[in-house]
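# Structural features, examined
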Amino acid sequence: MTTTFPLEQFQLLRTPFYYYDTQVLRATLQTICEEKEALGNCEVHYAIKANANPKLLPIISSYGLGADCVSGGEIEAALNAGFPANKIVFAGVGKADWEICLGLDKGIFCFNVESVPELEVINELAGTMGKVANVAFRINPDVEAHTHAHITTGLAENKFGISMADMEAVIARASDLENVRFVGLHFHIGSQILDLEDDFLPLCERINALQDQLEQRRIVVENINVGGGLGVDYEQPESHLVPEFKRYMHLVASHLKLRSGQTLHFEPGRSVVAQCGALISRVLYVKQGTDKQFAILDAGMTELIRPALYQAHHKIENLTSKGDLEKYDVVGPICESSDVFDKGVCLPKVSRGDLIAIRSAGAYGESMASGYNCRALPEGYILEELI
Ligand SMILES: *Cc1c(COP(=O)(O)O)cnc(C)c1O
């Protein structure tokens, strides 16, 4: 499979914009569905925060995935896109009262609870609404994901989750409360994880140990949710358009000692949408410095903040030049020194007006765009509306 870039149509569009090759997205979703069927007793919830574009969400929901939401707005976006309420989970350390009430009102599957005070507020609000809320506890497994420090979430002193030492007390607290029902355990160790064995096997072992501990106390756990985190190949997107879902899901399922009747949940975000998306930009100027040259784009950190925020690397391609290779620092127009996409990039000779693709930008790209410098939010186009 290769990515389709409809260049003639691109020429007619105002840049910068996001472009999504929905054939790549569909192939990815197909792979997920096949592995989910092969495993049985498995649910996959797409993490909406990776990309909430209303043209993509209905495609994702049409493959039978559920939604992992981290705000009331995401719950609304998921429902509008056809995700059934009973396949929505609601995570996040700081759920506001109105967001909890929205989840209760819509009858979402489960709240992934991150603290005792939150559990008590959910219980209270559910009581006033005459409902019982399903709750899973997000346990902090103290497993280190080998990824960028800003995107590890599973270490002991992290704002996320409940510590393993507190787990039993929190489950006991839930059983004292009338309007919550304990339905499972939730884990999420970080993002952009490529070393599957190194990071996911310790998580599986930790979960197995916790399960043994709970079994001794005769505490029944219906659902085990291992979160998201599967990484994508940002260096060579075209050779790995569909991430390693089969190996990843199989690895986790085969190392977890699931009890009979337990459902295994995955919450991939990045790996579902990253490779289908590209940020398409036009070169405004080529500027000669003393030792280097700059390609100044009309897209910047307002459209794609990952390089500035996480020192993330995205492959950059010149879609319209066939010239000889030259080196460029590729930068945006925003008034910040960190507004640099990459330095020393080899590109076919760049000229004003060339179309540049910043690849693997489907995840945490459009969804993190901002209006800084009074810029308009970027449009997002999908393949089938352009051809
Ligand atoms: C962000 C997030 C995910 C998705 O993570 P990816 O690395 O994009 O797969 C899953 N679960 C939770 C709780 C999250 O916060």
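The structure presented is a predicted model; accordingly, all values stated were derived computationally and were not measured.

So, about the nonpolar core. Tyr46, Phe83, Phe111, Phe137, Leu185 and Val226 are the most contacted members of the largest nonpolar core, which totals 99 residues. With near-sequence residues (within four places) excluded, Leu185 lies in contact with Ala136, Phe137, Ile139, Met167, Ile171, Leu214, Val221, Asn223, Ile224 and Asn225. In this structure, Phe10, Leu319, Ala357 and Tyr381 belong to the second largest nonpolar core, which totals 13 residues.

Quick look at the site of the ligand now. Around the ligand sit 14 residues in total, of which Lys49, Ser191, Glu267, Arg270 and Tyr364 are the nearest. Here an oxygen atom of the ligand sits 2.8 Å away from a polar atom, N or O, in the side chain of Lys49. Here an oxygen atom of the ligand sits 2.8 Å away from a polar atom, N or O, in the main chain of Arg270. The fraction of the free accessible surface of the ligand (380 Å²) that becomes covered by protein chains is 94%.

Turning our eyes to something else, we now look at the environment of His250. Residue placement: His250 occurs in helix α9 (residues 245–255). Owing to a relative accessible area of 47%, His250 belongs among the partly exposed residues under this scheme. Filtering out sequence-adjacent residues up to four positions away, His250 remains in contact with Glu35 and Phe245.

Next up on the list: the pattern of salt bridges. Here the structure, examined in full by the defined rule, presents 19 salt bridges. Here Glu34 makes a salt bridge to Lys246, at a shortest N to O gap of 3.0 Å. One end of the pair, Glu34, is in helix α2 (residues 22–39); the other, Lys246, is in helix α9, with 212 residues separating them in the sequence. We classify Lys246 as partly exposed; its relative accessible area is 38%. One salt-bridge network, held together by shared partners, links Glu238, Lys315, Glu317 and Arg359.

Take the side chain of Glu118 next. Note that Glu118 resides in helix α6 (residues 116–128). Within polar-contact distance, the side chain of Glu118 engages the backbone nitrogen of Glu114 at 3.1 Å.

Our next topic: α9. By the burial criterion, the buried members of α9 are Phe245, Tyr248, Met249, Leu251 and Val252. All buried residues of α9 lie within an arc of 160° about the axis, which places them on one face of the element. Contact partners of the buried residues in α9: α2, β2 (42–47), α8 (196–216), β10 (263–266) and α10 (270–273).

To continue, consider the packing of aromatic side chains. In this structure the tally under the stated criterion is 10 aromatic pairs. Their ring planes at 45° and their centres at 5.8 Å tell us that Phe5 and Tyr19 sit as a pair that is tilted. Of this pair, Phe5 sits in the segment before α1 (7–12) while Tyr19 sits in strand β1 (residues 17–20); the two residues are 14 residues apart in sequence, bridging distant segments of the chain. For the pair shown, Phe5 and Tyr19 are each scored as buried.

Let us look at the packing of helix α7 (residues 167–176) against α8. Running from N to C, α7 and α8 point in directions that differ by 50°, and their axes come no closer than 11 Å. Comparing the axis directions of α7 and α8 gives the class oblique. For the pair α7 and α8, the sense of crossing is right-handed. Contact with α7, carried on its side by Met167, Glu168 and Ile171, involves Leu210, Gln213 and Leu214 of α8 and no other residues of that element. Split into classes, the residues belonging to the contact of α7 with α8 amount to four nonpolar, one polar and one charged.

Another aspect to go through is the packing of α2 against α9. Where α2 contacts α9, the two axes come as close as 9 Å, and the packing angle between them is 25°. Here α2 is positioned roughly parallel relative to α9, judged by the angle of their axes. Two packed elements cross with a definite hand, and for α2 against α9 that hand is right-handed. Contacts from Thr28, Thr31, Ile32, Glu34, Glu35, Lys36 and Leu39 in α2 reach Phe245, Lys246, Met249, His250 and Ala253 in α9. Per-class residue counts for the contact of α2 with α9 are five nonpolar, three polar and four charged.

Attention shifts here to the pairing of strand β8 (residues 180–186). Across the seven residues of β8, six count as buried, placing the element largely inside the fold. By the bridge criterion, six bridges tie strand β6 (residues 133–140) to β8 in an arrangement that is parallel. Directly across from Arg138, in β8, lies its bridge partner His186. Of the strand pairs in this sheet, β8 and strand β9 (residues 223–225) are connected by three bridges, and their pairing is parallel. Bridging across to β9, Leu185 finds its partner in Ile224.

A residue-level look at the protein finds 97% of positions with pLDDT of 70 or above and a mean pLDDT of 96. Of all secondary-structure elements in the protein, the lowest mean pLDDT belongs to strand β7 (residues 162–163), at 92, while β1 reaches the highest, 99.

Criteria and thresholds
- Numbering of residues begins from 1 in every chain and follows the order in which that chain's sequence is written.
- Reporting in this predicted model follows two pLDDT cut-offs: at least 70 for local features of residues, and 80 or more for side-chain atom pairs to be given and counted; totals over whole chains, interfaces and linings ignore these cut-offs and use all residues.
- Working from all heavy atoms in the structure, the side-chain values ignore hydrogens and water.
- Think of a nonpolar core as a cluster: buried Ala, Val, Leu, Ile, Met, Phe, Trp, Tyr and Cys residues, connected wherever their side-chain atoms sit within 4.5 Å.
- Burial classification: accessible surface area is computed with a 1.4 Å probe over protein chains only, and a residue below 20% of its type maximum counts as buried, one above 50% as exposed, and the rest as partly exposed.
- Residue contacts are defined here by distance: any two heavy atoms, one from each residue, within 4.5 Å place the two residues in contact.
- Consider each residue's heavy atoms; a residue with any of them within 4 Å of a molecule or strand counts as near.
- Counting of polar contacts relies on pairs of N or O atoms within 3.5 Å, with two restrictions inside protein: one atom must be capable of donating a hydrogen and the other of accepting it, and residues adjacent in sequence are counted only when both atoms are side-chain atoms.
- Here the Shrake-Rupley method, with its probe set to 1.4 Å, supplies the accessible areas, and only the displayed protein chains count as covering residues.
- Numbering of helices and strands runs from the N terminus; a helix is a DSSP stretch of H or I covering at least four residues, while a strand is a stretch of E covering at least two.
- Should a side-chain nitrogen of Lys or Arg be within 4 Å of a carboxyl oxygen of Asp or Glu, the pair is scored as a salt bridge.
- Throughout, the arc means the angular range of directions from the helix axis out to the C-beta atoms.
- Pairing of aromatic side chains requires ring centres within 6.5 Å, counting the rings of Phe and Tyr and the six-membered ring of Trp. Pairs whose planes differ by under 30 degrees are stacked, by over 60 edge-to-face, and all others tilted.
- The angle between two axes is taken between their N-to-C directions and runs from 0 to 180 degrees, where each axis is a line fitted to C-alpha atoms and a helix contributes only its stretch in contact.
- Between 65 and 115 degrees an angle is taken as roughly perpendicular, under 35 as roughly parallel, over 145 as roughly antiparallel, and anywhere else as oblique.
- Helix crossings are classified by the rotation of the near helix relative to the far one: an anticlockwise turn of less than a right angle makes the crossing left-handed, while a clockwise turn makes it right-handed.
- Amino acid classes used here: Ala, Val, Leu, Ile, Met, Phe, Trp, Tyr, Cys and Pro are nonpolar; Asp, Glu, Lys and Arg are charged; the rest, including Gly, are polar.
- By definition, two strands form a pair when at least two bridges between them are found by DSSP.
- A residue's pLDDT is the predictor's confidence in that residue, given on a scale from 0 to 100.

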